[in-house]
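The residues making up each chain are set out below.
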Amino acid sequence: MGRRLNGHPPRLVLDWREIGGPPVISPNNASYGTSTIRDLIPYEFGGTVDLVFAPEGVQCRLELPTDWLNNDDQPISPALLARG
């Protein structure tokens, strides 16, 4: 078992914020890319996604468990390779 922080495995956090661009208009319908991000991260990696189309810029916070970084010499999922 890997290291734990307060009983939880460590997580990789990616925080993206766009600034200084034109005003953002939130789309009425999720695009393929947006749907993929929102669905893939939780389903495939057990992470979380917080994606906001704020007028001052898109903001996205991804949290991923770090155990997906180390596969302990196990084969990579064929589903992941197909997305390559």
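Before reading further, recall that the structure is shown in the block above.
All of the points below concern the structure found in this document.

Basis of the calculations
- Sequence order sets the numbering: in each chain, residues are counted from 1 along the sequence as written.
- Residues qualify for local features only when their pLDDT is at least 70, as the model is predicted, and side-chain atom pairs are given and counted only at 80 or more; totals for whole chains, interfaces and linings, by contrast, use all residues.
- To get the side-chain values, take all heavy atoms of the structure and skip hydrogens and water.
- Residues belong to one nonpolar core when they are buried, are Ala, Val, Leu, Ile, Met, Phe, Trp, Tyr or Cys, and are joined through side-chain atoms within 4.5 Å.
- Burial here depends on accessible area, computed with a 1.4 Å probe over protein chains only, as a share of the maximum for the residue type. Under 20% is buried, over 50% is exposed, and the range in between is partly exposed.
- Strands are runs of DSSP state E lasting at least two residues, helices are runs of H or I lasting at least four, and both sets are numbered from the N terminus onward.
- We call two residues contacting when some pair of their heavy atoms lies within 4.5 Å.
- Only when DSSP finds a minimum of two bridges between them are two strands counted as paired.
- To obtain each axis, a line is fitted to C-alpha atoms, and for helices this fit is confined to the stretch in contact; angles are then taken between N-to-C directions over 0 to 180 degrees.

Moving on, we come to the nonpolar core. In terms of nonpolar packing, the biggest core is built from 8 residues, these being Val24, Ile41, Phe45, Leu51, Val58, Cys60, Leu62 and Leu64. Listing elements by their share of this core, those giving two or more residues are α1 (32-45) and β3 (57-65). Contacts of Val24, omitting those with residues within four sequence positions, involve Phe53, Ala54, Pro55, Gly57 and Val58.

This paragraph deals with the sheet that holds strand β1 (residues 11-17). Pairing is antiparallel across the open sheet formed by 3 strands, whose spatial order is β1-β3-β2. Each having just a single partner strand, β1 and β2 (48-54) make up the two edges of the open sheet. On average, adjacent strands in this sheet sit at an angle of 5° to one another, irrespective of strand direction. Both β2 and β3 contribute to a ladder of 7 bridges, which runs antiparallel.

Relative to the helices and strands, Leu51 is located in strand β2. Judged by relative accessible area, which is 15%, Leu51 ranks as buried. Between the C-alpha atoms of Leu51 and Ile37, which are 14 residues apart in sequence, the distance is 9.0 Å. For Leu51, the residues in contact, after removing those within four places along its chain, are Thr34, Arg38, Val58, Gln59 and Cys60.

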